[in-house]
Amino acid sequence: MALEDYRGDVEMCCRCSACKHIPLQMVKGVEHSYACPSIAKYNFHAYSGGGRLLIAKEMLNSGFQYTDKLLDIVYNCQMCGACDISCKYAMDMEVLEPIFEFRIKCVEGGHTTPALDKVISSLRKQGAMVPGAKAKRGEWAKGLGLKDFTKQKTKVVYHVGCLTSYDKNYQKLAKATVKILKKAGVDFGIGYENESCCGGRAYQMGYKDDFLRQAKRNMGLFKKSGVETVVTACADGYHAFKVLYDKYNLKGDLEVMHITEYLARLIKEGKLKLKKEVNLTVTYHDPCYLGRLGEPWIHWEGKKIPGYKFVFDPPKVYRRGTHGVYEPPREVLRSIPGVKLFEMDRIREYAWCCGAGGGVNESNPNFARWTAQKRVEEAESTGVEAIVTACPWCEKNFNQAIKESGSSLKVYDIVELLEKTI
């Protein structure tokens with residue numbers, strides 16, 4: 001679909017500002033009432049979900065005029081979907097989808113930013129969203145004796161992801177993951193140098209064609225190798241494989257599981273024995289692209305019934321973030337002896353973003369770190385020792401925010417804690 005196809009949605013916005021805050025019924029205090037980092041940071045309506053829809057509405061009516069200020073509004077958004085979910089607490093309309101299409105339209109018209117162009121250039125040259133990466137993609141796995149699914153038939157593939165493959169600070173997550181899978185007796189493989197970016201972050205940035213190129217390449221490789229299940233520990237990768245590939249009719253019968261879903265299954269089946277105590281009080285951060293945006297895609301075809309009301313035939317079913325991946329990570333944490341879990345004020349579909357999404361981490365790192373710092377402060381208010389997440393990008397952003405603020409809060413990925421107990 002294109003932005004023009006969402007004309008009804010952008011015209012539906014009544015400027016109620018519900019997109020700015022989590023629903024009133026969920027608010028536990030004024031300090032943790034915001035849903036959208038962009039409006040909380042810049043405090044001007046244009047930077048909210050509704051503001052972006054109003055700009056799109058006027059441009060659809062009067063023509064597209066790209067200014068520096070417009071592009072500042074378009075790209076200073078983590079595309080976290082909080083505005084969309086808060087709006088849908090009471091409304092039946094799309095907020096995030098037209099915002100995605102607005103950004104795609106900017107990119108297609110050549111209205112991009114140098115920082116994002118640099119990242120996409122890396123993707124096109126080496127199939128990775130980590131500019132300047134010099135090591136080989138599978139070098140972290142040297143000596144581990146892992147299967148290469150492109151050469152040996154295997155039904156289960158662990159897709160490592162760009163950050164975890166190339167950033168030496170986060171290769172520990174890949175090593176912990178394979179150690180756990182081996183311990184559980186899972187027959188799996190990785191792609192080594194043939195693994196390529198899922199394309200999800202390219203889509204977030206508005207580079208739809210680059211996303212589709214990656215998606216088709218990956219699905220071609222999976223089908224050729226007879227892969228049935230893809231397991232990923234990256235929230236962006238999960239969203240890409242599970243939701244976006246399905247949205248564009250590319251996923252087929254491929255089973256997509258986040259590592260927390262897979263680990264929860266292995267624990268229930270008795271294939272992982274968690275014995276050693278990890279005495280730690282933690283809070284869990286729901287990654288946006290695993291939580292609210294990890295909800296399965298809903299295919300719908302129909303038409304708008306003429307008239308005043310925004311009514312469709314057949315009735316349109318909306319994704320409201322309710323069916324994202326929320327319980328599996330918490331089940332795994334509760335299974336670890338000694339770990340005590342305490343929740344933050346904003347959780348599940350109303351969780352505050354870590355700041356890393358939508359290209360903001362690359363185009364406006366100060367805004368990304370500000371967003372992460374707000375989440376760190378919320379975690380600190382629970383009185384726990386550590387914040388645990390299920391995405392390397394979240395962990396990286398939290399670590400940077402903590403380093404700058406001097407906080408004593410520790411940061412872990414779930415697989416790190418699980419490795420300790422096995």
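Provided above is the structure to which this section pertains.
Residues numbered from 1 in each chain as written. Predicted model: local features only at pLDDT ≥ 70, side-chain atom pairs only at ≥ 80, totals over all residues. Heavy atoms only, no water.

J.: What am I meant to see in the overall build of the chain here?
T.: Each helix and strand in the chain was counted, giving 18 helices and 11 strands. Here the C-alpha radius of gyration of the chain, 21 Å, is about what a compact globule of 422 residues would show, namely 22 Å. Its C-alpha atoms put the chain at 60 × 50 × 45 Å along the principal axes. For the chain, with 422 residues in total, the buried portion stands at 60%. Intrachain contacts of the chain at a sequence separation of at least 6 include 77% that bridge at least 24 residues. (Helix = DSSP H or I, 4+ residues; strand = E, 2+ residues; numbered from the N terminus. Rg over C-alpha atoms; globule rule 2.2 N^0.38 Å. Buried < 20%, exposed > 50% of the residue type's maximum accessible area, 1.4 Å probe, protein only. Contact = heavy atoms within 4.5 Å.)

J.: Could you clarify how one ought to interpret the packing of aromatic side chains in this entry?
T.: Pairs of aromatic rings are described using the distance from one ring centre to the other and the angle between the two planes. Per the stated rule, a full pass over the model turns up 17 aromatic pairs. Ring centres 6.0 Å apart and planes at 55 degrees place the aromatic pair phenylalanine 211 and tyrosine 245 in the tilted group. Of the two residues, phenylalanine 211 sits in helix α11 (residues 208-225) while tyrosine 245 sits in helix α12 (residues 235-247), which places them 34 residues apart along the sequence. Put simply, the rings of Phe100, Phe149, Tyr203, Phe211, Phe222, Phe241, Tyr245 and Tyr248 pair up and form one aromatic cluster. One residue, arginine 201, lies across the ring of tryptophan 393, its end atom 3.8 Å from the ring centre. Here the guanidinium or amino end of lysine 316 rests over the ring plane of phenylalanine 312, the centre of that ring lying 5.8 Å away. (Phe/Tyr/Trp six-rings, centres within 6.5 Å; stacked < 30°, edge-to-face > 60°. Lys NZ or Arg CZ within 6 Å of the ring centre and 35° of its normal.)

J.: For this particular structure, what's the right way to read the sheet that holds strand β11 (residues 410-413)?
T.: Each strand in a sheet pairs with its neighbour through backbone hydrogen bonds, running either in the same direction (parallel) or in the opposite one (antiparallel). A sheet is described by the order of its strands in space; here 4 strands give the open sequence β9-β6-β10-β11, paired in parallel fashion. This sheet does not close on itself; its edge strands, each paired only once, are β9 (339-341) and β11. Strand-to-strand twist across the sheet, computed as the mean angle between neighbouring axes with direction ignored, equals 35 degrees. Alignment of strand β6 (residues 280-284) against strand β10 (residues 386-389), held across 3 bridges, turns out to be parallel. Residue pairing for β10: valine 282 is matched across the bridge by alanine 386. (Pairing = 2+ DSSP bridges. Axes fitted to C-alpha atoms, helices over the stretch in contact; angles between N-to-C directions.)

J.: Please explain the sheet that holds strand β5 (residues 255-258) as it appears in this structure.
T.: Taken in spatial order, the 5 strands line up as β1-β3-β2-β4-β5 in an open sheet, and their pairing is parallel. Two strands bound the open sheet, and with one partner strand each, they are β1 (147-148) and β5. Bridge count between strand β2 (residues 156-159) and strand β4 (residues 229-232): 4 bridges; the pairing is parallel. Across the sheet, the residue bridging to histidine 159 is threonine 232, located in β4. Along the sheet, helix α9 (residues 171-183) contacts β2 and β3 (188-190); its crossing angle with β2, the most-contacted strand, is approximately 160 degrees.

J.: Would you take a moment to explain the pairing of β10 for this structure?
T.: Each regular strand carries side chains that alternate between the two faces of the sheet. Of the two faces of β10, the one lined by Ala386 and Val388 and the one lined by Ile387 and Thr389 are each fully buried. Summarising the sheet, β10 and β11 pair through 4 bridges and their orientation is parallel. Paired with valine 388 across the strands is tyrosine 412, a residue of β11. Handedness of the crossover is the feature at issue here: the chain leaves β10, passes through helix α17 (residues 392-405), returns alongside β11, and the resulting connection is right-handed. (Right-handed = clockwise from strand over helix to strand, strands pointing away.)

J.: Honestly, helix α7 (residues 114-126) in this entry has me stumped. Any pointers?
T.: Within an α-helix, residues lying three or four positions from one another point in the same direction, as the helix has 3.6 residues per turn. Look at α7: 18 Å from first C-alpha to last across 13 residues, which is about the 18 Å you get at 1.5 Å a residue. Looking only at α7, the buried set comprises Leu116, Val119, Ile120, Ser122 and Leu123. Seen end-on, α7 carries its buried residues on one side only, within an arc spanning 150 degrees. Residues of α7 that are exposed and point over 90 degrees away from its buried face: Pro114, Lys118, Arg124 and Lys125. Elements that come into contact with the buried residues of α7 comprise α4 (68-75), α10 (200-205), α11 and α15 (360-363). Phi for glycine 127, located one or two positions after α7, is positive at around 70 degrees. (Expected span 1.5 Å × (residues − 1). Arc of directions from axis to C-beta.)

J.: Is there a simple way to explain the packing of α11 against α12 in this structure?
T.: Describing two packed helices takes the angle between their axes plus the distance from one axis to the other. Between α11 and α12, whose axes approach to 11 Å, the crossing angle comes to 105 degrees. As the angle between them shows, α11 and α12 are arranged roughly perpendicular. For the pair α11 and α12, the contacting residues are Phe211, Gln214, Ala215, Asn218, Met219 and Phe222 in the first and Phe241, Leu244 and Tyr245 in the second. Of the residues assigned to the contact of α11 with α12, the class counts are 7 nonpolar, 2 polar and no charged. (Parallel < 35°, antiparallel > 145°, perpendicular 65-115°, else oblique. Nonpolar A, V, L, I, M, F, W, Y, C, P; charged D, E, K, R; others polar.)

J.: I tried to follow the environment of glutamate 331 on my own but got confused; where do I start?
T.: Mapped onto the fold, glutamate 331 is located in helix α14 (residues 327-335). Residue glutamate 331 is classed as partly exposed on the basis of its relative accessible area, which comes to 27%. Here the alpha-carbon distance between glutamate 331 and glycine 357, two residues 26 residues apart in the chain, equals 26 Å. Residues contacting glutamate 331, with those up to four places away along its chain left out, are Ala264 and Lys268.

J.: What am I meant to see in the pattern of salt bridges here?
T.: Pairing of side chains with opposite charge becomes possible as their charged atoms draw close. Under the criterion given, the structure shown has 27 salt bridges. Close ionic contact of glutamate 4 with lysine 105 constitutes a salt bridge, the shortest N to O distance being 3.3 Å. Separated by 101 residues along the polypeptide, glutamate 4 in the segment before α1 (7-12) and lysine 105 in helix α6 (residues 96-108) bring together distant segments of the chain. By sharing partners, the salt bridges in this structure join Asp84, Lys88, Glu94 and Lys316 into a single network. (Salt bridge = Lys/Arg side-chain N within 4 Å of Asp/Glu carboxyl O.)

J.: What's the story with unusual backbone geometry in this structure? I'm lost.
T.: The phi angle of most residues is negative, glycine excepted, and most peptide bonds adopt the trans form. Cis peptide bonds are those with omega within 30 degrees of zero, and the linkage from aspartate 313 to proline 314 qualifies with -5 degrees. Positive phi, close to 50 degrees, is recorded for asparagine 43, a residue that is not glycine. Residue position: asparagine 43 is located in the loop between α2 (37-42) and α3 (49-62).

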